[in-house]
Amino acid sequence: MSPATLGSVILQATQSEAFDQIENDTLLSSSLWANIALAGLSILLFVYMGRNVEGSRAKMIWGATLMIPLVSISSYTGLVSGLTVGFIEMPAGHALAGEEVMSQWGRYLTWALSTPMILLALGMLADVDRGSLFTVIAADIGMCVTGLAAALVTSSYGLRWVFYAISCAFFLVVIYAVFVEWPQSAAAAGTDEIFDTLRVLTVVLWLGYPVIWAVGVEGLALVESVGATSWGYSALDIGAKYLFSFLLLRWVGANQNVVESAGTTTGSEAAAAPADD
Amino acid sequence: MSPATLGSVILQATQSEAFDQIENDTLLSSSLWANIALAGLSILLFVYMGRNVEGSRAKMIWGATLMIPLVSISSYTGLVSGLTVGFIEMPAGHALAGEEVMSQWGRYLTWALSTPMILLALGMLADVDRGSLFTVIAADIGMCVTGLAAALVTSSYGLRWVFYAISCAFFLVVIYAVFVEWPQSAAAAGTDEIFDTLRVLTVVLWLGYPVIWAVGVEGLALVESVGATSWGYSALDIGAKYLFSFLLLRWVGANQNVVESAGTTTGSEAAAAPADD
Amino acid sequence: MSPATLGSVILQATQSEAFDQIENDTLLSSSLWANIALAGLSILLFVYMGRNVEGSRAKMIWGATLMIPLVSISSYTGLVSGLTVGFIEMPAGHALAGEEVMSQWGRYLTWALSTPMILLALGMLADVDRGSLFTVIAADIGMCVTGLAAALVTSSYGLRWVFYAISCAFFLVVIYAVFVEWPQSAAAAGTDEIFDTLRVLTVVLWLGYPVIWAVGVEGLALVESVGATSWGYSALDIGAKYLFSFLLLRWVGANQNVVESAGTTTGSEAAAAPADD
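Here the residue index of a chain counts from 1 through its sequence in written order. Throughout, the order in which chains and ligands are written sets their labels, letters from A for the former and numbers from 1 for the latter. This being a predicted model, a pLDDT of at least 70 is required before a residue's local features are given, and a value of 80 or more before pairs of side-chain atoms are given or counted; all residues contribute to the totals for chains, interfaces and linings. As a convention, hydrogens and water are excluded, and side-chain values are obtained from all of the structure's heavy atoms.

Draft legend 1. Highlighting the packing of helix 4 (residues 106–126) of chain A against helix 6 (residues 157–189) of chain A. Residue and element names in this part refer to chain A. Only C-alpha atoms enter the line fits that serve as axes; for helices the fit covers just the stretch in contact. Angles between N-to-C directions range over 0 to 180 degrees. Counting from the N terminus, the helices are DSSP H or I runs at least four residues long and the strands are E runs at least two residues long. It is the contact of helix 4 with helix 6, at a shortest axis distance of 8 Å, that shows an interaxial angle of 35°. Contacts from Leu119, Leu122, Gly123, Leu125 and Ala126 in helix 4 reach Val174, Val178, Trp182, Ser185, Ala186 and Ala189 in helix 6. Taken together, the residues of the contact of helix 4 with helix 6 break down into nine nonpolar, two polar and no charged. Any two residues whose heavy atoms approach within 4.5 Å at even a single point are treated as in contact. Under the scheme applied here, ten amino acids are nonpolar (Ala, Val, Leu, Ile, Met, Phe, Trp, Tyr, Cys and Pro), four are charged (Asp, Glu, Lys and Arg), and all others, including Gly, are polar.

Now the structure itself:
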């Protein structure tokens, strides 16, 4: 067997082994298929809900929101197929040191695509300025990418937690903006009622992800079941993605005039300029 | 041999084996080198054509269009070197099940960079609103990334087609916008003559990619030749990328005043605001 | 041992071997830890410096600038852990042909995230138009990605330099804009004093990266030490990232009124439109 063939065999074997292991673990596979089903239903529902949305801002919020379940269904199909799943040998110091633990690293990668859409929809709703929106989305992507690194480091137990700490530092930037700064913009835009609901939903549920990482198989392994850890993430996704999107779209559909009249801050520098002349 | 050395040997062997296999297959290698040559010529030609472009919108269209052959030459150099090529063992159910098939997975990755440039140039030309442009580009990236997943899944034949279906769903969003929604904006912007030519060129040629996937080695394998499949994609790229870009830039160069006067919708919320005061 | 387990062992062995090799090489590990320390200090300092920044444009510049050390600390933690480091067997023709050379490929990947932030901050400072900013950032990302490809090609010595040449072509676009075009915008915006300092700092230091690639272990290997090559990049990063950011933020903090009043061109089409009515 040539080295290239061996390499090909190894890569395919990892994917197939992950695929089989997921299929034979009811708890684990149900955590993935439940999200594929809910994401699929959400897509159909959201397309239907968006049929009458008019106006540039409302359509942009709708477009960003529709991407959330579309990215999600792709993400969970990747996990179920074993394509974005790997086996990690935990380093010395970890509770499962030396054991091979299934890592669903694809979750972190696709969160880097779906969570910016959530923040974009929230930011457009609150009519925040471009600088704030840009900084928060950049920090959010940083949070996901360093979370991915935390999951994949196997050379040192300490460095797993260093990446965890960096990821949490990015998260603090996001929480501060969404919880402290953006509500003021939302109040000015007249969208504070729905924004307050969504920011509480988002901040509370998003806080759950680092908690699950910390207690699950990738962190302290207080929960040693891959299936239970996976259900933790999947349950949070159901609330933070599909429920969030549904509440947002229902409100936007019923209040398009508020959304459109608010649309002045995002391009505020440009808008301000002629007024100054 | 240490495991780390073995890993390094395997990775390099895959790349070198792909490089050799491409070099020794005239049909396959000509499909790649033809595009490197045409992309190189296009870059030189487009830099020359852009020497007199003035105005923010025309320059942005020119910049996005120039990126198309630049990404393309990088993409094809990656394929020719074997860096972005792999060997996939097809799963049970596939016509070539158990055989190692060369996968040019780098194509899907670089399409995620080049096709947004095409849509950006088209959207700027038609002066569509920001919300629509954003949604269409996000759907386009989703189409490419799930196309990549469809090509790489080896654990299950059915899941290859599930990813294919998801990718086509993203594609429908793109087609609907470019074929049904954007022509209205182009008419309002006075760019409908060239836009109509380019959207027909784009939609017809882009429909060819999923057809080639379906009948080529990665799908039903009705065409079993890697070289013929590769030429299929390469021929489409020549029309959808270099010919498209040339027609667009020639028109923009000759109609800069139309392009500039159209530039009001992209920042429409900002522009509208002072008028409302 | 199953193929999947073997694959997992190989991947982890590469990471651990890189981690150990870095730890036991004082020159190499100091080049990485020095940057982690300086990036950490920069983050704390920049958060403090930004406490009084007001206004949409100034906050956006501050946000983009703060991302620079945040991406940098993530990047260097990835290198130190061995996660984004690999062993490359150089092809025939290379001075170290057949030898395994440590490649810090993670550098190229994270530059694709950090250098756009530098250009975004510079472009906002000079108040350049959106088309120019977009084209330059797209070219910059192209430069980093093809630099990554140049580092990873092992099938052909010639193709390493082809990717190097493509990367330099992208770099020319960036240099031309920052050195020739943007100073005119900065003069018009009244930010030319600080812009001139920063563009010289940026262009001079950025020219160092391709020089180090050419003479270091990845290119001609005139310098054969991985540690010395790594210190070359690390020293450039200290000037081009932390010193650059500090000078920029200090000036923005002291001149917020200039920054705000300049903010008319980025959304110029929108701003111009009502004035035309």
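Draft legend 2. View of unusual backbone geometry. Positive phi outside glycine occurs at A:Ala221, with the angle close to 60°. Mapped onto the elements, A:Ala221 comes out in the loop between helix 7 (192–215) and helix 8 (226–254). When accessible area is computed with a 1.4 Å probe and restricted to protein chains, residues below 20% of their type maximum are described as buried, those above 50% as exposed, and intermediate ones as partly exposed. On the accessibility criterion, A:Ala221 (5% relative accessible area) is buried. For B:Asp127, which is not glycine, the phi dihedral falls at a positive 55°. As for its position among the elements, B:Asp127 is in the loop between helix 4 (106–126) and helix 5 (130–152). Owing to a relative accessible area of 6%, B:Asp127 belongs among the buried residues under this scheme.

Draft legend 3. A look at the pattern of salt bridges. All names here are of chain A. Throughout this description, the term salt bridge denotes a Lys or Arg side-chain nitrogen within 4 Å of a carboxyl oxygen of Asp or Glu. This structure, assessed with the given rule, holds 12 salt bridges over all chains. Between Asp196 and Arg199 there is a salt bridge, with the nearest N and O atoms lying 3.5 Å from each other. With Asp196 and Arg199 both in helix 7 and three residues apart, this pair spans about one turn of that helix. Judged by its relative accessible area of 32%, Asp196 falls in the partly exposed class.

Draft legend 4. Quick look at the packing of aromatic side chains. For this analysis, a ring pair means two rings from Phe, Tyr or Trp (six-membered ring only for Trp) whose centres lie within 6.5 Å, classed as stacked if their planes differ by under 30 degrees, edge-to-face if by over 60, and tilted for the remaining angles. Inspection of every chain in the model, using the stated rule, returns 22 aromatic pairs over all chains. With a centroid separation of 5.0 Å and 80° between ring planes, the pair formed by B:Trp111 and B:Tyr209 is classed as edge-to-face. A residue pair is termed long-range when its members are at least 10 positions apart, and B:Trp111 in helix 4 and B:Tyr209 in helix 7 (residues 192–215) qualify at 98 residues. Each member of the aromatic cluster is reached from another via a ring pair, and the members are A:Tyr108, A:Trp111, A:Tyr209 and A:Tyr233. Over the aromatic face of A:Phe179 sits the side chain of A:Arg199, whose NZ or CZ is 4.4 Å from the ring centroid. Consider the ring centre and the ring normal. A charge sits over the ring if Lys NZ or Arg CZ is within 6 Å of that centre and within 35 degrees of that normal.

Draft legend 5. Representation of the confidence of the model for chain A in the model. Confidence scores per residue from the predictor, reported as pLDDT, run from 0 to 100. Residue-level pLDDT values for chain A average 89, and 92% of them are 70 or greater. Reported confidence for the predicted complex is 0.85 by ipTM and 0.88 by pTM.

Draft legend 6. View of the side chain of C:Ser75. Residue and element names in this part refer to chain C. Considering the arrangement of structural elements, one finds Ser75 in helix 3 (residues 56–81). Judged by its relative accessible area of 9%, Ser75 is buried. Beyond its immediate sequence surroundings of up to four residues, Ser75 is in contact with Thr84, Gly106 and Thr110.

Draft legend 7. Examining the state of the cysteines more closely. All names here are of chain A. Disulfides are defined as cysteine sulfur pairs within 2.5 Å. Throughout the structure, instances matching the rule amount to zero disulfides over all chains. This cysteine, Cys144, is not joined by any disulfide, and Cys168 carries the nearest cysteine sulfur, 12 Å off. Judged by relative accessible area, Cys144 falls into the buried class, the value being 5%.

Draft legend 8. Layout of a nonpolar patch on the surface. Residue and element names in this part refer to chain A. Residues forming no salt bridge and having over 30% relative accessible area are the ones grouped into patches, like charges within 9 Å of each other and nonpolar side chains (Val, Leu, Ile, Met, Phe, Trp, Tyr) within 5 Å. What sets the accessible areas is the Shrake-Rupley method with a 1.4 Å probe; for residues, cover comes only from the shown protein chains. A cluster of nonpolar residues, Tyr176, Phe179, Val180, Val200 and Val204, forms a patch on the protein surface that exposes about 440 Å² of accessible area. Contributions of two or more residues to the nonpolar patch are made by helix 6 and helix 7. When residues in the nonpolar patch are grouped by element, the largest group, three residues, is from helix 6. Mapped onto the elements of the fold, Val180 is located in helix 6.

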